[in-house]
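# Observations on the three-dimensional arrangement
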Amino acid sequence: MKTFKKIMGRLLLGVLIIVLVLAAGAFYYFKSYLPGTVAQQSFPQTDGEIQLAGLDGEVNIYRDAMGIPHIYAETAHDLFFAQGYVHAQDRFWQMDSWRHIGSGELSEMFGEGQVETDAFLRTLGWRKTAEAELAQLDPESLAILNAYTEGVNAYLKDHGDTALSLEYAVLGLLSPDYVIEPWEPVHSLTWGKAMAWDLRGNMGDEIERAELLKVLTPEQLAYIYPEYPKDHPVIVNKIGEGETASVDTQTPNLDYSSLNLDAITYNASLLDPVLGPLGDGIGSNSWAVSGTLTDTGMPYLVNDPHLGIQMPSIWYQVGLHCVEKTEACPYQVAGFSFAGVPGVVIGHNDRIAWGFTNVGPDVMDLYIEKVNPENPNQYEFNGEWVDFESYEETINIVGGEPITMTVLKTRHGPVISSTYGLTKDVGDPEDKEFVPFKDRVGGVELPEQYVVALAWTALTPSTPFEAIWGFDKAQNWEEFREAASGFHVPAQNLLYADVEGNIGYQMPGDVPIRKNGDGTLPVPGWTDEYDWVGFIPFEELPYTFNPEEGYIVTANNQVNPWDYPYLITKDWDYGYRAQQIVNRIESAPGKIDKAYLQSMQGDSTDLNAQSIIPVWSEIEYADATANEAHALDLMKNWDTVCNADSQACAVFEYFWWNLDQNTLNDNLPEKNSVSGGSQNFETFRLLLPEPDNFFWDDTTTEDVVETRNDIFIASLVETVSQMEDQYGKDPAKWPRWGELHTATFENQTLGKSGVFLIEDLFNRGPFETSGGQSIVNATGWDVGTGFFVDWLPSMRMIVDFNNLNDSLTVHTTGQSGHAYHPHYIDMAPLWAGVEYYPMWWDQDSIIADAEGHLVLKP
C-alpha cells in the first residue's frame, strides 16, 4: 500500500509539474512572447518608400506626433487608394471584424457560438441591401470605393496573419481554419447598415411600451414615457410665419396583454456584444457659435459624438489632400473616418465644417402579421391570404458544417420574431381587482397565430456615404444641403459652419408618414390602416441658417418647432444636455473663445441633481444617523458638478441609483427595470411635485402606502448602508466619483473572451472620468448595472474658422489598432482629462510635427 501511495504521489506530483509547466508556458506566451515578439510584427512601416502596383503617381503620407496620417496625392484615385492602405496598416482587425458583422458572417471568424447572431443579421439582410446599394452607385462613388478597395488589398497582398494584427495570433488558436479574404467594395457599405442599427431609434421603446401596458394604465405609462418638456430647447425654433399644424397620431385599439415580443428583444440583444447596447446616452453634442458671439469674430463648430466604449476607437483620424485642387481631384479635407470606409465622415475641408448628432427619428415600426392557422406559409392582408416571401441563407462555420436557414418577409419587412405562442396578462385573474388589459382600454384581441415583421428605412437601398463624400468636397451651404438630400439613414443632425462666417443646420433622412398611428406601439399588419404612405419631403425637413440667436445647439433633443406639421418621433432625448449647453452659451462672461468651449465640452453639471436635492428641504428626518446626516450635508452643499474628484457626486449618484429603483422598479416587469438617464430625469420632474403619486408606494410592503418622503429617506438609508458596508464607517474613506466612474476600453471581440490572459493583451484601463448620464460630458453609465462607463464622447472636436490650423481635437484610445504600439492608448489620458491636441491643417505644420514620412510609389 505504501508503494502504491508513493507511486500515486509521484504521479500526482508529475501531473502537477506538467500543469505548472504548461501554465507557466501559457503565461510566458501571453505575457511576454505575444506582447513582445509577435505584437511588433504588425507595426506598420511609416517611413521610407514602398512601391505599389496600381498607383497613378507618388503619394506622400506624413504621420504627425499622434500617429495621424495626412495624405497628399495627385489624383482622387491615389488619395482613396492610400487611405485604404493606411486603414489596413493600422486597423485591419477592426475592419475584418466589422465586415463580418455587416455581412452576418461572424461564424466564419469565431465559430458556432456566433450562429444565432449571424442568423439575425441575415434576417435583417444588411449584406443584401448593401449589394443593392453598390449596384446603384454613381460612377464617381463607385470609383472612390474601388480605389479604396485596391489600397486595402495592396496591403493585404504583402501582409497576413500576425503581420496584420496581434489578434490573428490568438484567433489562430481559437479558429485555426480561418482564412483572411480580400476586401470587397460591398464590405464598406455594410458598415453603414451597422451604424444605422447602432443609432436605430425607438424599436426598443415600442417593445417596452407594449410590455408596460400589461401592468400599467395608459395614464401611468405617461409618467414613464413623458412628453418632451416645453421648457427645454428645440433645435429649430420656427418653421414660418405663424404656421401651425397638428399631427393625427391615432394609435391602434389593440390588446397588448398577450403580445409576445421576447424573441425580438432576445434577437436584438445578440448584436449588443459586437455593436454595443443602445443606451440612453447614445447620441451626441454639437453646437455652432456665430462670429457675433466669439472672440475672433468668426464661427466655432464643436462636436462630440456619443457611442459605445470600445478598443480601438471607432474613429480613425485622417487628412486627405489633393496636391492641386481641381475638378478631377476636389478634396482638401481632414477629420474622422471609419476604418473600412473611404472619405471623412466628420470634419472640415478648406471652406466648410460639419458635425453629427443623432436625430433618432422613428423609422422602425413593428407590424403584427396574422398567420394562416391552416397554412403557416401565408399571412393575411386586407382579408386575403398572401404567401410569405422567403429565401434561404447559408451560414458557414469555421471548423464546422454549414447551416441553412430560411428568411421570411412580409410586405412590411423581415419577420424578426420566432414565436407563434401567446403570453398571459401579468397579474392574478383570481384577484378581485384584476382587470384584463383589453377590458381596461377596449382593445381588440390579437390573432390566434402571428409573427412580427420589421419595417425599417435602413432596409431600403441607400448609403449615407455618398452624402458624406459630397460633404467632403462641398464649398458652401447650398452644396452642403444638396449632399445632405442624399443622406437617408441613419438620419443625423447636420451642423454646419463656413469660412464666410455662416452657421447652419439641416435635418436629413427618410422619415415615414403614417396613415395612422404614431409609431410608439406595434400595430396590426393584417390591414393597410397603419401603413407608411411616403416620407417627409426633404425641403420640408427642419433646417435653419444664421438664426438670430447667433448659435445652434443639437444634443439629440427635439428637432422641430412646436408648430411643425409632421411627426418625426415621440422618443427624443429629453434635452438636459441641450439645456446646459444653451445655459453656458447664454451665460458666457464675455466673448466665447476656445478655452470656454473646452470647458463646455467638459461640463459635468448634473441638472437632475438640481431637481432632486431641493426636495430635502421639504422632508423632516429627525432620526438620521451621523453618517446619514453627513451624506445629506454633502449633497445639499454640493455644486452639482460631477468631477472625478467629487465625493459629493459619488454619494448623490449612489442615492439616485437607489431612489430611481426604489420608486419605479416595483411597478415594472424585471426586464423593463430602470437604467437612469434623461427619460428617468423627466419622469422624476413630473413625480416630485406629487408626493402621493401611485409610483411612490412600495408595492412590496403590506398594509402601508409610502409617499415621496418615505422613499427619499429609505433611499438615503440604503445609500449610507452601502457606503459603510463597502468602504467603511469613516466618511473620509468613501470614494470619489472618479474611483467609481472609470472607463475601460475593451476590444469588441477578443477583449470580451472571458479569458483574462487574452483580455489583458488588448484591453486598457481603467481611467478615472468626470461626467455621467445625460450630462454634457456624457460618460454614460446605467442604474442597476454599474457606475463604469459604457458609452462616451467618442471624440471631441473644435473647429476654429479664424484659422483652421488652430482647431483642436482628441479621440478616445489612440490612432493605432495594434496592441503595444506607442499610439495604441496614448490619447486616453488626454480624453479622460478633456484635453486636446492640434488638428493640423497647414502642410508646413504637419511636416514640422511629423514623426514619419512614407512615400508610396507606382
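This report concerns the structure included in the present document. Predicted model only: the values in this text are computed from it and were never measured. (Residues numbered from 1 in each chain as written. Predicted model: local features only at pLDDT ≥ 70, side-chain atom pairs only at ≥ 80, totals over all residues. Heavy atoms only, no water.)

### Considerations on the nonpolar core
Ranked by internal contacts, the top residues of the largest apolar core, which has 225 residues, are Trp-126, Trp-197 and Phe-471. If you tally residues by element for this core, the top one is helix H2 (residues 76–103), at 13 residues. In terms of nonpolar packing, the next biggest core, distinct from the first, is built from 20 residues, Trp-287, Val-582, Ile-585 and Leu-597 among them. (Core = buried A, V, L, I, M, F, W, Y, C linked by side-chain atoms within 4.5 Å. Buried < 20%, exposed > 50% of the residue type's maximum accessible area, 1.4 Å probe, protein only. Helix = DSSP H or I, 4+ residues; strand = E, 2+ residues; numbered from the N terminus.)

### Re the state of the cysteines
Counted by the stated rule, this structure contains 2 disulfides. At a sulfur-sulfur separation of 2.0 Å, the disulfide partner of Cys-322 is Cys-329. Looking along the S-S bond of the Cys-322-Cys-329 disulfide, the torsion reads about -85°, which is the left-handed sense. Here Cys-322 and Cys-329 have matching classes, each one buried. With a sulfur-sulfur separation of 2.1 Å, Cys-642 is cross-linked through a disulfide to Cys-649. On the sign convention where negative is left-handed, the bridge of Cys-642 and Cys-649, at about 90° about the S-S bond, is right-handed. The class of Cys-642 is buried, set by a relative accessible area of 0%. Relative accessible area serves as the criterion here: at 0%, Cys-649 is assigned to the buried category. (Disulfide = S-S within 2.5 Å.)

### A closer look at the pattern of salt bridges
By the definition in use, this model includes 28 salt bridges. The residue Lys-193 makes a salt bridge to Glu-133 at a minimum N-O spacing of 2.6 Å. Residue Lys-193 is found in helix H8 (residues 185–198), and its partner Glu-133 is found in helix H5 (residues 126–136); the two are separated by 60 residues along the sequence. Neither residue differs from the other here; Lys-193 and Glu-133 are each classed as buried. Residue Asp-571 pairs with Arg-209 through a salt bridge whose shortest N-O separation is 2.6 Å. With a gap of 362 residues between them, Asp-571 in the loop between strand S22 (551–554) and helix H16 (576–586) and Arg-209 in helix H9 (residues 203–212) connect regions that are remote in the sequence. For the pair Asp-571 and Arg-209, a shared accessibility class is recorded, and that class is buried. Among the charged side chains, a salt-bridge network with shared partners connects Glu-49, Glu-58 and Lys-857. (Salt bridge = Lys/Arg side-chain N within 4 Å of Asp/Glu carboxyl O.)

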